[in-house]
Amino acid sequence: MKLTSIGWDAFKALSLKDKAACMVEDGRDRHVLFAQQYTRARLEALGALATQIRFAAKTKSGSDFLKDLLADKRAMLYFTQPSTRTFLSFSGACQITGMGTGDVRDSTTSSEFKGESLEDSVRTFSSYFDCIVMRTREQGLAERMAWVLSNSERPVPIVNAGSGKDQHPTQALLDIYTLQRSFKGQGGIDGKRMVFVGDLKRGRTVRSLASLLTRYDGVRMVFVAPPSLQVEKDVLDELDAAGVTYDLTDDFEAAIPEADAIYMTRVQDEWDREKGESARIDVSAFWFQKQHLRLLKPDAILMHPLPRRNEISPEVDHDPRAMYWRQMRNGMWIRAALMACLFQRDQDVRAYGEKMGTG
Ligand code: NCD
């Protein structure tokens, strides 16, 4: 099904799986909205492409090649929800691949403040740019904009850089890339035990990553949170449908020794329904402290989408299993790879990699 052959109300009513299928045509993304639109083969291909870009960027001639790759394309970065890493990593990915950028980071400085609808704003962006990367507080807004643009005369792609509490597909892609790299010598992601910790109810990164992990065989998931912040039914339904085994627990220390990867998250108190709601929940038993390092397997890894508060003690940062800084940098490579794919220049990167012997 294409977005051009379905009305908005009918599209809105589709299941997540069917919506995700509408985003891909002939194995290529029309828009990047949902984790669910990625098959395992595409995750592997994206990871391999990110690695080729990473290698190319190490040399002057490789950087020059990359700077030319998308020099005819420009991206609009529309980030009206706070962001440091995701914004800068998209901006870095655009610089690496030679794309120009424009940005709006505060809707009060744009014509939305004069009463312009976001539909009209997005159509304005599409007149100047070839792609719109957007992070918004409103769930489902990126979907709406993707539908609007697909049905306009300049159907440029939308990339979802975080929408509401529901999706953060590019974070999940960088998380998968980090897992691919970390477990390369250990048989890959298949069969690994993934432990998610923290605010699993409102964390969109966990939602998207749990979905992508269903593409791998025999992955077991453990969700560790206080009962009021436990993962929601929609995630578990997706795992059930995929035949994934999982456990829910509030015993963090018991989960550490069994983990291959621990994915820490912060309390997402920006979603509190009343002020101070989250502050009443004691989450200190869900913080990774220095003494937990001795419980962790020697080849396990510790991840965090960042920003962190107290979930991981800075004393842990120097341990080789602390992966969060490398995880963050991986985001820039995977986003550059995503841009190359969106504009169908991935073959050029592969050809360059083969020529240079990194293919
Ligand atoms: C995450 C997000 O925005 O959902 N941050 C990020 O993009 N790396 C996680 C968070 O804010 O806790």
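Look up a bit, the structure's there.
Caption draft 1: Summary view of the overall build of the chain. What the chain contains, in helices and strands, is 13 helices and 11 strands. In terms of overall size, the chain behaves like a compact globule, its C-alpha atoms giving a radius of gyration of 20 Å where 359 residues would be expected to give roughly 21 Å. Each of the three principal axes of the chain carries a C-alpha extent, and together these read 55 × 55 × 40 Å. By residue count, 56% of the 359 residues in the chain fall in the buried class. For the chain, restricting intrachain contacts to residue pairs at least 6 apart in sequence, the fraction spanning at least 24 positions comes to 76%. Surface exposure of the chain reaches about 15,600 Å², of which carbon and sulfur atoms provide 50%. Separation of charge centres in the chain, based on 50 positive and 49 negative side chains, amounts to 4 Å.

Caption draft 2: Quick look at the packing of helix 3 (residues 40–56) against helix 13 (residues 346–356). Contact pair helix 3 / helix 13: the axes reach a minimum separation of 10 Å and the direction vectors enclose 55°. Viewed along their axes, helix 3 and helix 13 adopt a mutual orientation that is oblique. The element helix 3 and its partner helix 13 pack so that their crossing is left-handed. Contacts between helix 3 and helix 13 pair Leu49, Gln52, Ile53 and Ala56 from the former with Asp346, Val349, Arg350, Tyr352 and Gly353 from the latter. Within the contact of helix 3 with helix 13, the residues separate by chemical class into 5 nonpolar, 2 polar and 2 charged.

Caption draft 3: Layout of unusual backbone geometry. Omega for the peptide link from Leu306 to Pro307 comes to 5°, which places this bond in the cis form. Residue Asp26 is not a glycine yet carries a positive backbone phi of 50°. Residue position: Asp26 is located in the loop between strand 1 (24–25) and strand 2 (28–29). For Gln344, which is not glycine, the phi dihedral falls at a positive 55°. Positionally, Gln344 belongs in the loop between helix 12 (324–342) and helix 13. Judged by its relative accessible area of 52%, Gln344 is exposed.

Caption draft 4: Representation of the site of the ligand in the model. Taken together, the neighbourhood of the ligand is formed by Thr86, Arg135, His168, Gln171, Arg204, Thr205, Arg266, Gln268, Pro305, Leu306 and Pro307. Within the side chain of Thr86, one N or O atom sits 2.9 Å away from an oxygen atom of the ligand. Interatomic distance of 2.9 Å between a backbone N/O atom of Pro305 and a nitrogen atom of the ligand. Contact with the protein chains removes 94% of the 320 Å² of surface that the ligand exposes when unbound. In terms of residue class, the shell around the ligand is made up of 3 nonpolar, 5 polar and 3 charged. Residue assignment places the shell around the ligand across two domains, with domain 1 (3–168 + 330–349) and domain 2 (169–328) each supplying three or more.

Caption draft 5: Highlighting the sheet that holds strand 3 (residues 74–79). The strand order 4-3-5-6 describes an open sheet built from 4 strands, whose pairing is parallel. Of all the strands in the sheet, just strand 4 (100–104) and strand 6 (158–163) have a single pairing partner and so form its edges. The average undirected angle you get between the axes of adjacent strands in this sheet is 15°. The strands touched by helix 5 (residues 85–96) within the sheet are strand 3, strand 4, strand 5 (131–136) and strand 6, with strand 3 carrying the most contacts at an inclination of about 175°.

Caption draft 6: Summary view of helix 4 (residues 60–69). Every buried residue of helix 4 is accounted for by Gly62, Ser63, Leu66 and Leu69. For helix 4, the angular spread of buried residues about the axis comes to 110°, placing them on one side. Within helix 4, the exposed residues directed more than 90 degrees away from the buried face are Lys60 and Asp68. Against the buried residues of helix 4 lie helix 3, helix 5, helix 12 and helix 13.

The rules we used
Residues numbered from 1 in each chain as written. Predicted model: local features only at pLDDT ≥ 70, side-chain atom pairs only at ≥ 80, totals over all residues. Heavy atoms only, no water. Helix = DSSP H or I, 4+ residues; strand = E, 2+ residues; numbered from the N terminus. Rg over C-alpha atoms; globule rule 2.2 N^0.38 Å. Buried < 20%, exposed > 50% of the residue type's maximum accessible area, 1.4 Å probe, protein only. Contact = heavy atoms within 4.5 Å. Areas by Shrake-Rupley, 256 points an atom, 1.4 Å probe, with all protein chains shown as cover. Lys, Arg positive; Asp, Glu negative; His and termini not counted. Charge placed at Lys NZ, Arg CZ, Asp CG, Glu CD. Axes fitted to C-alpha atoms, helices over the stretch in contact; angles between N-to-C directions. Parallel < 35°, antiparallel > 145°, perpendicular 65-115°, else oblique. Left-handed = near helix turned anticlockwise from the far one by under 90°. Nonpolar A, V, L, I, M, F, W, Y, C, P; charged D, E, K, R; others polar. Near = heavy atom within 4 Å. Polar contact = N/O pair within 3.5 Å; in protein donor to acceptor, adjacent residues only side chain to side chain. Domains from an automatic or database assignment. Pairing = 2+ DSSP bridges. Arc of directions from axis to C-beta.

Geometry only, nothing functional implied.
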